Amino acid sequence: MTQTTAAPTTEHPWRALFALCIGFFMLLVDMTIVTVATPDIMNELEASANAVLWVTSAYLLTYAVPVLIMGRLGDRYGPKWVYIAGLAVFTASSLWCGLAGSVESLVAARAVQGLGAAMMTPQTMATITRIFPPERRGAAMALWGATAGIATLVGPLAGGALVAAGGWEWIFFVNVPIGVVAIVLNWLLVPELETHAHVFDWLGVALSGVGMFCLVFGLQNGEQRGWDLLTWALVSGGIAVMGLFVWWQARNRREPLVPLHIFTDRNFSVSSLAISCMGFAAVAQGFPLMLYAQLVRGYTALEASLIMVPTALVSFVAAPFVGRLTDRMHPRLLTGVAFFLCSVSLFWLAAPMTVDSPLWQLLVPMAVFGLGSAAVWAPLAATATRNVPMRLAGAGSGVYNATRLVGSVIGSAAVAVLIDLRLNAHGLGGSLAGGHETAAGSSIPPAVASRFAEAMSEAMLLPAVALAVGFVAVLFFTTPRHMTKPSA
């Protein structure tokens, strides 16, 4: 039965958006905050590099897989209440993360944290679509997109400061008071919206979950297992199950988890592909950069995170200007320039990742990356949702965010594989520092530093290539309807 709650109010939509963005910012920061704390976690929990990479991969995996069904849950029970429930799960699991005494416990806690994030994310875009009129939605999506972009950059910065101040545990403890405040603000400021009954596609949920898990687990552990038969079975099986998932979505005549006809809007399809490339790069570039900064240059976690300052500052300053351009400039031009700058900046960054390069040679390309990323997140979000019907707001938000997260999951797994491959290629045995125990702030022995730096430089080329793919994708944007002049 369809349940109708209080009619949505647009009297104070910006207050509601502010409340939503607090929690959204927090969960996106946690996608990248672990990268700068990786050496400290490895040292204190006596964990391998691959095990610590699973601290991020587990979060991304449980974030990506349920996000589709969570959009439908928001449509059925109300985005406000699903968002608040997700905030509660996220906040409680953050406390668990900080108290974890082993890497296994930390990975488990991060998996639950990802589930809370999955509950929250689709509700933000769906709520914006429904409480802002079309003529103001572009500006609202610009703020939402800017929040997403800046959060992925602030993660390493926040991580460095918190690790320096109190240890790696505080990158999770800090979420607890913020989460409590966000719950109160969302309870008070976000309106209740009309709800709709849905038939849930549980077979689709199962197929997408199994397929994604097999694919990511196989990629992440392939190098450690020597790409044995089980590894290839997992990867190929994951691809096959995902193919079966797409087939089932096309055949399901009731209510598929992913309404494939939403992709008939070219701009939605292009935006989804492009944001997956950005998600891939945002996660993948952090690991080699932070490992290089801490283990080759000997920076502390805080010092390493400061490399991200130019990126965050330039992105923050540019975001308001991008917001004003989002509704006026063709998305092909705006995002095309943005992806070009982002890709070029990472190719550029890879060159000075050596043992003795001047610091400014790292900071300049990071500033260029910040300029480009500021014009990626907001325009893509606005372009993706502009033509989505209101009845598909939850589904459209879920699909768009799922593609972004799939890119992030694959980026995390792929960069781990590439780092292992390049370390092996340089004679370092596929383990950090060639088996030498190190912690943040103590550089690896000079005998291996140059080879380690070269391996990290080569790994940085992977996210640069992903951004080049995003650049090609956005060239296929069509003119948005609001920019098309009515015929005389």
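Up top you'll find the structure we're talking about.
Residues numbered from 1 in each chain as written. Predicted model: local features only at pLDDT ≥ 70, side-chain atom pairs only at ≥ 80, totals over all residues. Heavy atoms only, no water.

**Student:** Quick question: what am I supposed to make of the packing of helix H16 (residues 331-350) against helix H18 (residues 377-385) here?
**Tutor:** Between two packed helices, the angle of one axis relative to the other and the distance separating the axes together describe the packing. The N-to-C vectors of H16 and H18 enclose an angle of 145°; their axes lie 10 Å apart at closest approach. Both H16 and H18 take part in a crossing whose hand is left-handed. From H16, Pro331, Leu334, Thr335 and Phe339 reach across to H18, where they touch Pro379, Leu380 and Thr383. (Axes fitted to C-alpha atoms, helices over the stretch in contact; angles between N-to-C directions. Helix = DSSP H or I, 4+ residues; strand = E, 2+ residues; numbered from the N terminus. Left-handed = near helix turned anticlockwise from the far one by under 90°. Contact = heavy atoms within 4.5 Å.)

**Student:** I would appreciate a short explanation of the pattern of salt bridges in the present structure.
**Tutor:** Between side chains of opposite charge, a pair can form as their charged atoms come close. Tallied over the entire structure, the rule returns two salt bridges. Of the charged contacts in the structure, one is a salt bridge between Asp30 and Arg110, with a shortest N-O distance of 3.7 Å. A residue pair is termed long-range when its members are at least 10 positions apart, and Asp30 in helix H1 (residues 13-32) and Arg110 in helix H6 (residues 103-131) qualify at 80 residues. For Asp30, a relative accessible area of 0% translates into the label buried. Arg422 is the salt-bridge partner of Glu458, the closest N and O atoms lying 2.7 Å from each other. Of this pair, Glu458 sits in helix H20 (residues 446-474) while Arg422 sits in helix H19 (residues 393-425); the two residues are 36 residues apart in sequence, bridging distant segments of the chain. (Salt bridge = Lys/Arg side-chain N within 4 Å of Asp/Glu carboxyl O. Buried < 20%, exposed > 50% of the residue type's maximum accessible area, 1.4 Å probe, protein only.)

**Student:** Would you mind going over the packing of helix H12 (residues 266-284) against H18 with me for this structure?
**Tutor:** The N-to-C vectors of H12 and H18 enclose an angle of 150°; their axes lie 9 Å apart at closest approach. Looking at the two axes, H12 sits roughly antiparallel to H18. At the point where H12 passes H18, the crossing takes the left-handed sense. The residues of H18 that touch H12, namely those facing Asn267, Phe268, Ser271, Ala274, Ile275, Met278 and Ala282, are Trp377, Leu380, Thr383 and Ala384. The residue makeup of the contact of H12 with H18, split by class, is eight nonpolar, three polar and no charged. (Parallel < 35°, antiparallel > 145°, perpendicular 65-115°, else oblique. Nonpolar A, V, L, I, M, F, W, Y, C, P; charged D, E, K, R; others polar.)

**Student:** Is there a simple way to think about the layout of surface pockets in this case?
**Tutor:** Rolled over the atoms, a probe with the dimensions of a water molecule shows which regions are left empty. Roughly 570 Å³ of volume is contained in the largest pocket. Around the largest pocket, the lining comprises 26 residues; the ones closest to its centre are Met212, Met242, Ala402, Thr403 and Val406. Sorting the residues of the lining of the largest pocket by element identifies helix H10 (202-221), helix H11 (229-251), H12, H19 and H20 as the ones contributing at least two each. Looking at which element gives the most residues to the lining of the largest pocket, the answer is H19, with six residues. (1 Å grid on protein atoms, 1.4 Å probe; cavity = no way out; pocket = protein on both sides within 12 Å on 5 of 7 lines; lining within 4 Å. Points joined across faces, edges and corners; volume = space filled by probe spheres on them.)

**Student:** Please clarify how the packing of aromatic side chains should be interpreted in this entry.
**Tutor:** Evaluated as defined, the whole model comprises seven aromatic pairs. Judged by centre distance (5.2 Å) and plane angle (80°), the ring pair of Trp81 and Trp187 falls under edge-to-face. Taken as a pair, Trp81 in helix H5 (residues 79-99) and Trp187 in helix H9 (residues 175-189) lie far apart in primary sequence, 106 residues in all. What makes Trp81 partly exposed here is its relative accessible area of 32%. Ring centres of Phe263 and Phe268 lie 5.6 Å apart, and the angle between their planes is 65°; on these two criteria the pair is classed as edge-to-face. Seen from the ring of Tyr59, Arg110 lies directly overhead, with NZ or CZ sitting 4.3 Å from the centre. (Phe/Tyr/Trp six-rings, centres within 6.5 Å; stacked < 30°, edge-to-face > 60°. Lys NZ or Arg CZ within 6 Å of the ring centre and 35° of its normal.)

**Student:** Teacher, can you tell me more about H16 here?
**Tutor:** Within an α-helix, residues lying three or four positions from one another point in the same direction, as the helix has 3.6 residues per turn. Spanning 20 residues, H16 covers 28 Å between terminal C-alpha atoms, matching the ideal 28 Å at 1.5 Å per step. Within H16, burial applies to Pro331, Leu334, Thr335, Gly336, Ala338, Phe339, Cys342, Ser343, Ser345, Leu346, Leu349 and Ala350. Residues of H16 that are buried sit in contact with H12, helix H13 (286-296), helix H15 (309-326), helix H17 (360-374), H18 and H20. (Expected span 1.5 Å × (residues − 1).)

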